[in-house]
Amino acid sequence: MKTLYTAKATAKGGRKGHVKTEDGSIDLPLSMPKELGGDGAEGVNPEQLFGSGYSACFGSALSLVADKHKVDLGDFSVSAYVSIGKVEDGNLQLSVILDSYLPGVEDIKTGENLINEAHELCPFSRATRDNIDVTLNLLRDE
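Fair warning: this is a prediction, and the values are worked out from it, not measured in the lab.

Here is what the cut-offs are and how they apply
- Residues numbered from 1 in each chain as written.
- Predicted model: local features only at pLDDT ≥ 70, side-chain atom pairs only at ≥ 80, totals over all residues.
- Heavy atoms only, no water.
- Helix = DSSP H or I, 4+ residues; strand = E, 2+ residues; numbered from the N terminus.
- Buried < 20%, exposed > 50% of the residue type's maximum accessible area, 1.4 Å probe, protein only.
- Lys, Arg positive; Asp, Glu negative; His and termini not counted.
- Charge placed at Lys NZ, Arg CZ, Asp CG, Glu CD.
- Salt bridge = Lys/Arg side-chain N within 4 Å of Asp/Glu carboxyl O.

Draft legend 1. Spatial organisation of the overall build of the protein chain. Scanning the protein chain from N- to C-terminus turns up 3 helices and 6 strands. Each helix and strand of the protein chain, ordered N terminal to C terminal, gives the series β-β-β-α-β-β-α-α-β. For the C-alpha atoms alone, the extent of the protein chain along its principal axes is close to 45 × 35 × 30 Å. The burial tally for the protein chain puts 27% of its 142 residues in the buried class. Each charge sign in the protein chain was given a centre, from 14 positive and 22 negative side chains, and these centres are 8 Å apart.

Rendered as structure tokens:
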């Protein structure tokens, strides 16, 4: 791989600590959700950070694919729902639902094709492929 960019983020204290990027653009307290046994204090958690990155990356992949096919997405958005749970052996596992809202795409088949192609292109999708369940949804105005 020819590296184009490297981001450095350091977390101190695990899920109840602090995370900061080398350039200071992220400098946030971490907290554990009550559902995971934490106190639910103010702060972000790894699932929120992962969902933020995944939704942004997938949105960029959608834009590239739409431009390639000369399709106007309109004022689109991608929402990532990142869940953490236990699998049969007791280990923790992530799953993701990506809701892609494409108001500029009137044809369902076109929207589905764009989302599927973006899923092949997106580096986050490629990194998680065959490792976690990722569900892709097309959202449209009725």
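Still more to cover.
Draft legend 2. Inspection of the pattern of salt bridges at higher detail. Enumeration over the complete set of coordinates arrives at 3 salt bridges. Where R15 meets E47, a salt bridge forms, and the shortest distance between an N and an O atom there is 2.5 Å. Of this pair, R15 sits in the loop between strand 1 (9-12) and strand 2 (18-21) while E47 sits in helix 1 (residues 46-68), and the two are 32 residues apart along the sequence. Residue class for R15 comes out partly exposed when judged on its relative accessible area of 24%. Between E120 and R129 there is a salt bridge, with its nearest N and O atoms 3.8 Å apart. Since its relative accessible area comes to 47%, E120 is described here as partly exposed. Residue R129 is classed as partly exposed on the basis of its relative accessible area of 27%.

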